[in-house]
Structure formats: C-alpha cells, structure tokens
Amino acid sequence: MALTYDTYVVQIANLMVIGSTDSNFLTMLPGMIDYAEGRSYRELDLLTTRITTTTTLSSGNRNVTLPTSAGTYRVVENVSVFTTVGQGSSNGTRSSLIMTSRDFIDNVYPSGQSNTSVPLFCAMNANIAMILGPSPDAGYTAEIVGTIQPTALSSANTTTFLTTMLPDLFVAASMVFGSAYMRDFGAQSDDPKMGGSWEAQYGTLKQSADIENLRMKYQSGGWTHAQPSPIATPQRA
C-alpha cells in the first residue's frame, strides 16, 4: 500500500514501538528520511530522478553554470548543443557532446577566445558547472540531462516516488537508521540482530526494485523490458 507522510510516520512509530508524537522521535525523523531517501536514490538510479534542462551558451565563454530550477544535478549524463542559434530540441539540429576531462580541454583548446566553434566536448568543472571545448562561437541552446535527488518527504511534501511505488523498500531503509536510533545496531545492544535484519531485508527488496527499474529503462536482459530469464539466454530479437 502506498504511503503518505502521515501514514509513514505512524508505521515507523509502530515498528519502533514508540509514540508517533514523541518529541525525540520527531527530532530524529528528518535524519531517518534523509538516510533512507539518499541511499535508495543513489543505489537504484531511478528514472524519476532524471531531469532535462536547457541553458543558453555565451559566445567565447567556455564556462557553463548548470540550471538549478528543477533541482541540483547529482550526475550529468548527457549534454547536447542545438544549431542554429535560437533553436532547441523541437526545431534545432542536435549535437551530442563527448564527455571528457578538464585536462583534455585545457590542452586541446588552450585559448577560449580564439578556439571558437560549435562545442564538441564538455567536462565537469564543479558539481554545478562544466567547461566546453571549443568555446561556443554563438549563443547556442544547450540541453543537459542528468539526475537529481527529488524533494524529500515531509509534512509539506506528503508523497514521493518512494512512498508511492516502493514503500516497502523505503520503510526497510528507514528502519536501518531507526535501529541505530534505538541502540540496536551492535553486539552490546538489546537486540544485536535488529539492524542487520533490516539491512538484509533492504538488500532483498533493493534487488527486486533494481530489476524492475532496469526493465523500465530497457536495460534488462538483451537490452529489453523483459524479466531476466535464466533459461532464455540470449533473448530472442
């Protein structure tokens, strides 16, 4: 069953055998959500974390600051430039840039002002900035595709992809953190197996969620949407 923020709080409180309005529990709760969401989004590479934004390049300037209107990029996967000037994905000609290193761009295009053309290469320069080579010779539109971490679950944001589509995984990840809060994470605690048990349960659920996610991206066996089969190998075309 899908969860909301309120039902999640009640369910976690029941599992931890603590009042859902307990002040210490409520103080700990945001940290639990951060932990559960952080590892789930990082480890599963979910389609829901993927965004596409555009920005206008500056002629003669190799530096590009990534848009943050839809969230801060965690991983940039693809950068494209559209020609001619002023055209975008609907009417421009797409040129996908090759991701490389800053060292390569610095050596091949040492002069940002004189080496100008339609960019061919890009390299990450910071978590929200990249450089281009060669520097653009006009104000082309650039498209950036990558992943972000979605807005966290809270009383103001009452549902997320995890609570709606993967509530069991989200609860298991939360309880790994909750076990530490309950001092049940090590050999000298009341229940030394509690943290490990929830970690094992999270691992089991993650494996099945990961397979489903790969199917959604057509990255399953044979690069298809099908459930992996131990018998039909290789899969038919």
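The paragraphs below set out a description of the structure included in this document. (Residues numbered from 1 in each chain as written. Predicted model: local features only at pLDDT ≥ 70, side-chain atom pairs only at ≥ 80, totals over all residues. Heavy atoms only, no water.)

**Let's talk about unusual backbone geometry**
So, point 1. Omega for the peptide link from Gly133 to Pro134 comes to -10 degrees, which places this bond in the cis form.
So, point 2. With phi around 55 degrees, Val17 is a residue other than glycine that occupies positive phi space.
So, point 3. Turning to its location among the elements, Val17 is positioned in the loop between α1 (5–16) and α2 (23–44).
So, point 4. Backbone geometry places Asp45, a non-glycine residue, at a positive phi of 50 degrees.
So, point 5. Within the fold, Asp45 resides in the loop between α2 and β1 (50–56).
So, point 6. On the accessibility criterion, Asp45 (31% relative accessible area) is partly exposed. (Helix = DSSP H or I, 4+ residues; strand = E, 2+ residues; numbered from the N terminus. Buried < 20%, exposed > 50% of the residue type's maximum accessible area, 1.4 Å probe, protein only.)

**Regarding the sheet that holds strand β7 (residues 121–126)**
So, point 1. Read across the sheet, 4 strands follow the order β2-β8-β7-β5 without closing on themselves; strand pairing throughout is mixed. If you trace the sheet from one side to the other, it starts and ends with β2 (63–65) and β5 (98–99), each paired once.
So, point 2. One ladder, built from 5 bridges, connects β7 with strand β8 (residues 129–133); its direction is antiparallel. Note on β8: the bridge partner recorded for Ala123 is Ile131. (Pairing = 2+ DSSP bridges.)

**Things to note about the pattern of salt bridges**
As a working rule, side chains carrying opposite charge can pair if their charged atoms are close by.
So, point 1. Taken as a whole and judged by the stated rule, the model has 7 salt bridges.
So, point 2. Across the salt bridge formed by Arg39 and Glu199, the nearest N and O atoms sit 3.0 Å from each other. Of this pair, Arg39 sits in helix α2 while Glu199 sits in helix α6 (residues 194–216); the two residues are 160 residues apart in sequence, bridging distant segments of the chain.
So, point 3. Owing to a relative accessible area of 31%, Glu199 belongs among the partly exposed residues under this scheme.
So, point 4. Here Asp106 and Arg102 are joined by a salt bridge, their closest N and O atoms 3.2 Å apart. Taken together, the residues span about one helical turn, with Asp106 and Arg102 both in helix α3 (residues 102–108) at a distance of 4 residues.
So, point 5. Salt bridges sharing partners connect three or more residues here, namely Arg39, Glu43 and Glu199. (Salt bridge = Lys/Arg side-chain N within 4 Å of Asp/Glu carboxyl O.)

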